[in-house]
Structures are given as C-alpha cells and as structure tokens.
Amino acid sequence: MIRGLCSGCSDLCNRSLPCSVMIVGVGGSRSSLDLMIATDVFPNAAIILVDLCENMAAQVACWLAVMIQCQEHGRSGSSTPEISGRVVRMEQLWQEFFSDPSQWWDNRFIKTSPKYPDFKHKSTHEGLWIEGRLNPIWVKAKMATMTLGHIHSGGELRSWVLDSCGNGGKVSKLCQEGRLKEALHMVELMVEQDTLVPIIAYVGLLKGCARRKALAEGKQVHALLVQSGYDSVTFLGNTLVDMYAKCGSVLDARNVFNTMPEHNVISWTAIISAYADNGQGEEAINLFQQMRLAGIAADKILFVIVLKACARISDLEKGKQLHSQIVKSGFEADMIVGNSLVNMYAKCGSIEHARQVFSNMCETDVLSWNALIAGYAQEGLCKDALALYERMKQEDMQPNSVTYVILLKACASIAALEQGKHIHSHIVNSGFELDVIVSSALVHMYAKCGCIEHARQVFNNMHERDVVSWNAMIAGYAQQGLGKEVFELYEQMKLEDVQPTHVTYVVLLKACASIASLEDGKRLHSQIVEIGFESDVIIGNTLVDMYAKCGSIEHARHVFSNMHERDIVSWNALIAGYAQQGLVKEALALYEQMKQEDVQPDDVTYVVLLNACAGIAALEQGQQLHSRVISSGFDSDIIVGSALVDMYTKCGSIEHARRVFNNMYERDIVSWTAMIAGYAEEGLGKEALELYEQMKQEDVLPNNVTYVVLLKACARITCLEQGQQLHFQIIESGFQSDEMVGGALIDMYAKCGSIEDARHVFNNLPEQDLVSWNTMIAGYAQQGLGEEAVRLLEQMQREGRKPNGVTYVSVLSACSHSGLVDEGRRLFDFMFKNHGVTPTVDHYACMVDLLCRAGCLAEAEDLINKMPIQPDAVLWRTLLGAARNHGHVEIGRRAFDCVVKLEPENPSAYVLLSDIYAAAGRRDELANIRK
C-alpha cells in the first residue's frame, strides 16, 4: 500500500490509494522534507506532486483530482514491454526538454483540455505532461524547484511564481469580481516595488479586460508586460491578441501578433478569431491560408472559426475548400465541426450541401438541427423548416429556445400567420412562453404578419420584458402606420425605466417617416443629440431618411452634411430624398458628388435614380444613367435590370424596355412583371397577355402584383374572357384572398361590364378594406348605377368603415351619371361636415358635371366662383360645354374668358364658343371669334 504525504495537512496523509502511486503535496514549509521521505521510503513509486492551497476545500479538490487520475492510470491495460519502451522514451524526452527548453512550446496556461500536452516539441510535435504516469520521478523534483513560464533565449527558464493563494490569486479574484481597476493598481504597485508578478495575475487582468471590453485598462496591462520584459512570452502574446480582439481593436491585436517572436496554432487561432469576430471574414480566411503555408496544422477549433468566417461573408467556394481540408484532417466526424459545416453551407445559400452534411453526420444535437432549420428559413422555405422541426420532434430531439426563435422568424419573413400560431401553441406546451427571447420573437412574428392585436396580447402577458421586446412591439405599430400607438408605447417604456437603444430610435424614426410626422421626428432628433447617439452612422442615415420622407429635404441635407462618417447608405438615403421630391437634377448632382468623393455607387443607388427618372418620365436622364450602369458593370444585376425596364416603360419607350428585358442574363418575377406592366400601361393588352404566356412556359410563377397588372390589361381592352381565365388561375394559385388582387378583379369585371361578377368577388373577400369598397363603388359609377353606389356607401358606413376623398369622388361621379342631383348635393355637404373630407378639385369637378348635366348652370358657375382653391381649366371647360348644350350665351362667354386665361392656346374653347354664337344667331360675335 502506498501512502500519500501532504505538507501541512496530516489528516489527509494516511489515505490509501488503489494503485502504486506516491502523492506528495508541495507548497508548505515541509515540501522538501516530504519529497525526501517519499523518494527514500518508496524508491520504486511514481511520485505526483500537488501544489496545495491554504484553503482546505482546495486541498480536498486537489486530492480528489489526483485520486481520479490514479484510478484512470490503473485501468491502462498496456503490456509491460510496451510500458517499458514508453518509459525509456519519456525519460529521453524529459532530458531533451531540460537540456534545451527553448525547443518546446509551453502550453500549460492556455490549454483548454487535460488531453493537450503541457509541453510540445516545436519540430517533432511530441508532447510531455507534467502529470504523466510514465514520467521519471526526478521530473517532479526538478519541476518543484522552478515553476516554468516560457522558454527564453539561451535555453534558460524564467521562474515565475504561480502562487494562486498569494498575490496572483488576489489579483485574479478581483478581476473575477469585476474590480478591474483595483486589480490593476495592485499589479502596478508590485511592478513599482520590483516584486515578481505572478503569471496568473497578468492572465487574470487580460481576461478581465476582455470580458468587460476595457480597452484602456488592457493597454495599461500591455504596457506593464513590456516594462516587466514579459511581452515576448508566446502564451501571454496570445492572451493579449485575444484581449484586443474582444475589445474590438483588431489593429492592436494584429500589431501584437506581428511582433511576437514565434507563433503556435493558438497564436494563429487568436488572431484569426479576432478578424472573424469583428466582421472581417476575408482577412480571417487569408490568415488561415498563411498559417497553412507556414506548415502549421489546424485543429478543429480553428476550422470552426474559419467556417464561421466563410458563413459571415457567404463565401461558398472557400467553404468548400475548407470542407476538403477538414476531410483530409479527419475532423469531419466531429459533431461540432459538422454543425459548423451545416451552418456554413446554409448561410452561403447551398441548402443541398447543408442537408447532405447533416444526413452524413454520425451524431447530431439540437445545434445541428437548428443550423439546418435556419438554413431553410433563410431561403424562405418555411414549410420545409417546419417539416424538419416535426421530424426533429419525432426523433426525440427536444427543441430549445433558439429553435423556436428561428421558426418564428421564418414565419415572420413570409407572413405565415397560421404556421406562426401553430408554433405558438408548441411553445406554450413546451414551457418556453416565459422565455423573454422567445416571447419577443412571438411579438415580432405577429406584428410582421399584420396581427397587431395578438402581438400586443403576447407583449402584455410577458412576465419580463427587455428592450428587445419593447423594440419589437414599437416596430409592429410602426409597420401598421399606427403613429399614435408607437409614441404612447415609447412613453410607457421610458416610464418603466427601460433605456432606449440605437435600435429603438431607428424604429421610432422609421415610424415618423412612415406617417410623415415631421414634428415627432424633430423631437426625437433632439433626444438623440442629448444622449449622444447622433454620431452613430445608422442613426444618422435614419435621420436623413426620416427628414426626406417627411418632405424636409433641407433638414435631411443638414444632417447629411454634419455626419462625421458617411457610408453608401447615407448617400442613397439623401439621393432617394431628392428623387421622392421629383428633384431629379439634384439627385443626379449628388450622385456625381458621391463619385468625386470616391464612394462607389451600388445597385440601390442606380435603382433609386432610375425610379426617380421613371416618376417624372425623364427619358433623357434615364438613358444617361443607363450608360453609367453599363460602364459600372451593373447591367447584369437583375434588380438594376428590372429598374431599367420599369424606367423605360414609364417613360413610354416600350421598345427600349423590351430590348433591356431581352438582353438580361437572368430574369425574375419582378422583371417579367415590370415588362408586362409596361405593355398594360401602353394599352397593349394583347402583348401583355402574350408575354404572360411566355413567362409561364419558362416556369416563372406569377405573384400577386403580376395578377394585378394582368387584370388591369384585361380591363383596358375589356377582355372579359381572358379576365375570367385569370380569375380561375388566381383561385388555383391561392391569391383570391389577397386584397390587391381582389380589388383588381372587381375593377376588371366592372370595366368589362360584368357588375354582378364584380359584386360577387367583393362579397366573397375575406376582409373588405377601403380600397375594395372604393373600387366597387367606382364600378357602379362606371356603369351609371348611382343608386347602387349610394346604397353601398351607406352600407360601408353602417359597417364602421370611414369613407375617404376617393370614395366621395366615385359616389359623386355615380350621382352625376345617374342624374341624382339632390343626393349629390347632400353628399357633397355631408362629406366635409360629417367625415372631415376637404373637397378637392376632383370633388368640385364631379359636382360641376352633376349640375351641368341637370341644367343648373348658374348654380354650377356660382360653385366654381366660390371655390376655396383655384379652379382649373377643366372646370370652366365643363361649364362652357354645358352652356353650348343648353344655349346659355352669357355663362358660356364668361366660362370662355376663364378657359382662355388659363389655356390661351387651347382651340377647343374657341370651337365651343363659336357653336354657342352660331346657335344663338349672333353672327357678328361669331365672325370675331373666327378672326
């Protein structure tokens, strides 16, 4: 039986051990004596030295750790000759180590697993473990006299005190408690007093700085290392690189790495991870390739890091090359590496490769399933993601919170409300409803699906709400254009002492932009300046966008000019602002300025500018942009190509549009829809429908916008039969419940004269929005069915729908065509008094037409003269035409004078007045007109 000796701890010294090992505890005053006794009494025993602490709990922990190790050694099963050979080789290696330690890497303080060696030969890569069971007993004795840090020049060993119970332990404890400044001050005093600083103190400080992202303190520790002469220590260099990386200073990390005298795999891992974690994936991959050229083999940890870098920059080719290297290195069977491969392929858009890796994995965990589900979700394959989730449960793999968050985001991205509700029920059953992250994802999903009531219900029922939850709910209201609710919730958030983040202000500013609330936007701007967020480039971009969309281009330009940093998004936001105001010249001038400042335009820049040209039918400027698109190499971009087609069609150049369309390398549904819309707008319904047939032959599936455009084409050429065929295809495709498609169907049937079919579609809509009501009323108006239009308006009001200006234009037009004069007068007064709809020129035009048709010309003239807004030539021309029809010479003459004043070159006014004079027999006046 072998005895255990522990200096300063006699009550543990007499415990029996189940194998022939001698335990000697060092660290007390009797360490040397204990070692002498052990080697004298038990000369054939393998001796393990344990550095014990003053604390009894630590002593017990050390003792138990050794006992476990001893038991593991006892189960070895190696034959005696094998052990003898290995013992001899181990003694040779240790002799080599102590004769020239500079040839060995010291990994003791950075290794992440006991399986990794404490020392590793730089050439042969053979390893040594201080606690190795085949070590000669003299190794421990020699190691007891000096605790090794790093090997320095001349083969000497620098001795560092690893006193975990002394100063080093105190420093580490302070760092763990977050008292970084106290810990730093303590080390500074030790350096000033020329006291040897334990290595654990520096490691603790650097890790503490990394945890708290304390860059300034980290630089002070670095300076102390240089002052102490430890800056050339490899493993401390690695820790420095890691600290700078986690503090976001990649440049400092690289400088440390470049000045290190030698690099091991851990050094390379630290610097590659620094670039990968800070969004510089390309440089991370380049460094990995440099490491490979230097002859250093990657471990699985490094492969995982580089795969994540490939995923972040969506570099599929580099990812495939890494996969090949992983297979050659034998790490493919590792589950963590397998998960990273699945994630990389999914993030790079190669879902087939991701599924293949997943299927070939020997073992999977919830991370594997989550990576593949996220891949399907990212590709918009929500049904496949949900199917995989069901299979996951069938295989008894329990989903976690991340699984549910991924699935909810997938549902949100395609507005899959029913699937989202299904996932919600699973979340409740699984008990994850209390998870704040999952609940926030639920709020986001319901808001994105337009179900704001469900989103608020989930939000209200949350036991705990963080700033992400508040942001999700505020964003939900903003997406629905509910500005009042947005700012009420924001005020409530502040009352509950939840501090807004950058994201909160971005969401709030977008809400202001969506409802064009300039005053609220200005107030938010003031708050942003007060809390110091104005220098944030994303906030600055959102401010520019908000002011532009609120019509205050001067404020937008002011914010833009004062931004300390501008990116392409900043320029695009301001260019879009000018474009939205129809200021195409100013937008193009800004584009030129952007290029002069060496900011390269992207696809968004060109799309914004082309849309601006399309908006005002500026064909010449559009053609100039087209040439720049070609010279910039964006002519092959599918989004820019579609914008070019749209620009040319809206400028009336259908031939140019078709030429661009035909020359596109790739066409998506947007391209096809833009070209079809161009034909439809030009009244070329036949060509639009022929192109649609070609689109189907090329297996491109139409979307709701495509059907809307096609239905408009049918309406223009009153092609009822083709419209009915489209209706059947719409039902087959599942778009019959879409509000836009429903409105287009009503309009098509009404314009094709089938008002009964129009009403049938209207009645069967799952929800009738304001556009649907207006379209149906307009349909009755087009058919001269005034009474039906008025009855539908009354039904609309009974169902709680508030008519708008468009509604009253349609119903007044219906009254005009049906001769409902009294009803028209009543509705004209009613719309302002009861619904607050201020009459526009269109409303006055309907009333003038109504009165003129009824022969009430004096009343019509009086109405025009009393208009609070300037009447246009159309109103006077309508009155002039009615004067001719009814033989009112004086009213006709006054109307003629007003038309000529507004449109002096319009010949129709002269023709109408000539007819009036001729009918009245006033030959002199007629002769004057003809002159």
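Residues numbered from 1 in each chain as written. Predicted model: local features only at pLDDT ≥ 70, side-chain atom pairs only at ≥ 80, totals over all residues. Heavy atoms only, no water.

Asks: How would you sum up the packing of helix H41 (residues 770–782) against helix H42 (residues 786–798)? Please name residues and give values.
Replies: The packing of two helices is summarised by the inter-axis angle and the distance between the axes. Between H41 and H42, the shortest axis-to-axis distance is 8 Å and the interhelical angle comes to 160 degrees. Between H41 and H42, the interaxial angle falls into the category roughly antiparallel. Crossing of H41 against H42: the hand is right-handed. Residue-level inspection shows Leu770, Trp773, Asn774, Met776, Ile777 and Tyr780 of H41 in contact with H42, the latter providing Glu788, Ala789, Leu792, Leu793, Gln795 and Met796. Considered class by class, the residues forming the contact of H41 with H42 number nine nonpolar, two polar and one charged. (Axes fitted to C-alpha atoms, helices over the stretch in contact; angles between N-to-C directions. Helix = DSSP H or I, 4+ residues; strand = E, 2+ residues; numbered from the N terminus. Parallel < 35°, antiparallel > 145°, perpendicular 65-115°, else oblique. Left-handed = near helix turned anticlockwise from the far one by under 90°. Contact = heavy atoms within 4.5 Å. Nonpolar A, V, L, I, M, F, W, Y, C, P; charged D, E, K, R; others polar.)

Asks: Lay out the packing of aromatic side chains with the relevant residues and their values.
Replies: Centre-to-centre distance and the angle between the planes together describe a pair of aromatic rings. One pass over the full model with this rule turns up 24 aromatic pairs. Here the aromatic rings of Tyr404 and Phe432 are separated by 5.5 Å at their centres, their planes lie at 55 degrees, and the arrangement is tilted. With a gap of 28 residues between them, Tyr404 in helix H19 (residues 401–413) and Phe432 in the loop between helix H20 (417–430) and helix H21 (436–448) connect regions that are remote in the sequence. Lying across the ring of Phe560, Arg566 places its NZ or CZ 4.4 Å from the centre. Looking at Arg667, its charged tip hangs above the ring of Phe661, at a distance of 4.4 Å from the centre. (Phe/Tyr/Trp six-rings, centres within 6.5 Å; stacked < 30°, edge-to-face > 60°. Lys NZ or Arg CZ within 6 Å of the ring centre and 35° of its normal.)

Asks: Account for helix H47 (residues 873–886), naming residues and giving values.
Replies: Helix length check: H47 (14 residues) gives 20 Å between terminal C-alpha atoms against 20 Å at 1.5 Å per residue, within 8%. Of the positions making up H47, those classed as buried are Ala873, Leu875, Trp876, Leu879, Leu880, Gly881, Ala882 and Ala883. Elements in contact with the buried residues of H47: helix H45 (841–853), helix H46 (857–865), helix H48 (889–902) and helix H49 (907–920). Two residues or fewer after H47 comes Gly887, characterised by a positive phi angle close to 70 degrees. (Expected span 1.5 Å × (residues − 1). Buried < 20%, exposed > 50% of the residue type's maximum accessible area, 1.4 Å probe, protein only.)

Asks: Account for the nonpolar core, with residues named and values stated.
Replies: The tendency in soluble globular proteins is for nonpolar side chains to be buried as a group. Counting 277 residues, the largest nonpolar core has Tyr202, Ile271 and Ile272 as the members making the most contacts within it. If one sorts the elements of this core by residue count, helix H13 (residues 300–313) sits on top with nine residues. If you look at the next biggest cluster of nonpolar residues, it comprises eleven residues, including Phe98, Trp104, Leu128 and Val139. (Core = buried A, V, L, I, M, F, W, Y, C linked by side-chain atoms within 4.5 Å.)

Asks: Pulling in residues and values, what's your account of the pattern of salt bridges?
Replies: As enumerated under the stated definition, the model contains 33 salt bridges in all. Its salt-bridge partner being Glu182, residue Arg179 comes within 2.9 Å of it at the nearest N-O pair. Using a relative accessible area of 37% as the deciding quantity, one classes Arg179 as partly exposed. Residue classification places Glu182 among the partly exposed residues on the basis of a relative accessible area of 42%. (Salt bridge = Lys/Arg side-chain N within 4 Å of Asp/Glu carboxyl O.)

Remember that the coordinates give geometry; whether it matters functionally is a separate question.
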